[in-house]
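Each chain is listed here by its residues.
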Amino acid sequence: HAKVPILKMTCSGLECDLSMNNLLPVFNSRLLKAYADIDDRVVRITQIVKQWARDSGVHGGQYGNLSSYSFTLLVIFYMQVRGALPCLQTDADRRPQYYSEGKKTFNVTMDVEDLRPNAANVHPGISFKDLLQFYVHEFRWGEWVVSVRTGQCSGIEEYPELSLKPRSGVTPEQWKHVIHIEDPFDVERNLNCVLAPRSNYKLWHSMDEALSTEEFFEAPSGSGGGGGGAAPSAKVAPKPVAKPTARGGAGNQWSRRTWKPGRADERPIGAPIGGAPVFKPAPRLNPLAELGWQ
């Protein structure tokens, strides 16, 4: 189910993904790096989230789970909603910069010039535990879209181009509560396309169980970008995920008492994220130049 064939390899202990004739990820990588440059907690919390996801058996598109890229977007979006990160694509519609690949054209505008790291002790509540709190009790699964392009909680009706086609085997009841994740540039691409049947429920249930496991949470970090230092560790003890009973069919899992996706209304749908600094638009981007080929 990969959009582009990927060769996974390890070089000197570092995991690498290799693809050919696929330059759009150059823009994706630049966008993720820009967010990490603003607040180094992006990297630290993402490392914790990925390790937790691997230990909990909810990581890896090849296994019917979300990819590392998707989990990174979950972290950035959470920090945007909490006001710790701005949206770097606010000028995308007003000052579009296009890149074409095959028969598709993408608006790759990013406000990445003159980025300023967050000051120390800005939004000190940002943490892995608070991320779980957001996705378990506040985010509306199946109704809202994780979109770092907009940086705010909005309903799926605000994303008319987003693909809403479930993977084969996913029942209508499962799809009703699925998490929607928009690619920042390929806005038709819904990153939930890799989710196998019941993987979405397993993801939410694992988050819910982790939220009640206080022992592995890192202390909330108050440092902003440029702080450096080692990433905090997370001790995650995987717990068996309850499987749906045969009675009632596969869709019966969604009516389980433990399924309680967020309904908190502190931030109305579509409400803008306040307090974000304003950034200047970047010049037209050339992926070949980004790679040093021009």
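Just so you know, these numbers come straight off a predicted model, no measurement behind them. (Residues numbered from 1 in each chain as written. Predicted model: local features only at pLDDT ≥ 70, side-chain atom pairs only at ≥ 80, totals over all residues. Heavy atoms only, no water.)

Draft legend 1. Region of the structure containing the state of the cysteines. With the rule as written, the count across this model stands at 0 disulfides. Looking at the unpaired C16, the closest cysteine sulfur is the one in C11, lying at 4.2 Å. Residue class for C16 comes out partly exposed when judged on its relative accessible area of 26%. (Disulfide = S-S within 2.5 Å. Buried < 20%, exposed > 50% of the residue type's maximum accessible area, 1.4 Å probe, protein only.)

Draft legend 2. A look at the pattern of salt bridges. In the structure shown here, the tally under the stated rule is 11 salt bridges. Residue D37 pairs with K33 through a salt bridge whose shortest N-O separation is 2.9 Å. On the criterion of helical spacing, the pair formed by D37 and K33 is a turn pair, its members being 4 residues apart in helix α1 (residues 24–38). Residue D37 is classed as partly exposed on the basis of its relative accessible area, which comes to 36%. Using a relative accessible area of 51% as the deciding quantity, one classes K33 as exposed. The partner of D186 in a salt bridge is K104, with the nearest N and O atoms 3.0 Å apart. Of the two residues, D186 sits in the loop between β6 (180–181) and α6 (199–211) while K104 sits in strand β4 (residues 104–107), which places them 82 residues apart along the sequence. By relative accessible area, which is 32% here, K104 ends up partly exposed. (Salt bridge = Lys/Arg side-chain N within 4 Å of Asp/Glu carboxyl O. Helix = DSSP H or I, 4+ residues; strand = E, 2+ residues; numbered from the N terminus.)

Draft legend 3. Molecular detail of the environment of R94. As for its placement among the helices and strands, R94 is situated in the loop between α3 (68–81) and β3 (98–101). Along the sequence, R94 and T109 sit 15 residues apart, while their C-alpha atoms lie 9.6 Å from each other. Here the side chain of R94 touches D91 through a polar contact of 2.6 Å, side chain to side chain. (Polar contact = N/O pair within 3.5 Å; in protein donor to acceptor, adjacent residues only side chain to side chain.)

Draft legend 4. Spotlight on the pairing of β3. Note that β3 and β4 share 4 bridges and pair antiparallel. Counterpart to Y99 in the pairing with β4 is F106. The hairpin turn running from β3 into β4, its antiparallel successor, is 2 residues long, and G102 in that turn takes a positive phi close to 65°. (Pairing = 2+ DSSP bridges.)

Draft legend 5. Just a nonpolar patch on the surface, in detail. Together, L7, M9 and L18 make up a nonpolar patch on the protein surface, roughly 250 Å² of accessible area in all. Considering the arrangement of structural elements, one finds L18 in strand β2 (residues 14–18). The exposure class of L18 is partly exposed, given its relative accessible area of 41%. (Patch = residues over 30% accessible without salt bridge, like charges linked within 9 Å, V, L, I, M, F, W, Y side chains within 5 Å. Areas by Shrake-Rupley, 256 points an atom, 1.4 Å probe, with all protein chains shown as cover.)

Draft legend 6. Expanded view of helix α2 (residues 41–56). The terminal C-alpha atoms of α2 lie 22 Å apart, and with 16 residues this matches the ideal 22 Å at 1.5 Å per residue to within 8%. Listed in full, the buried residues belonging to α2 are R41, V42, R44, I45, T46, I48, V49, W52, A53 and S56. Looking at the buried positions of α2, the neighbouring elements they touch are α1, α3, α4 (128–138) and α6. Looking one or two residues past α2, G57 carries a phi angle of roughly 75°, positive in sign. (Expected span 1.5 Å × (residues − 1). Contact = heavy atoms within 4.5 Å.)

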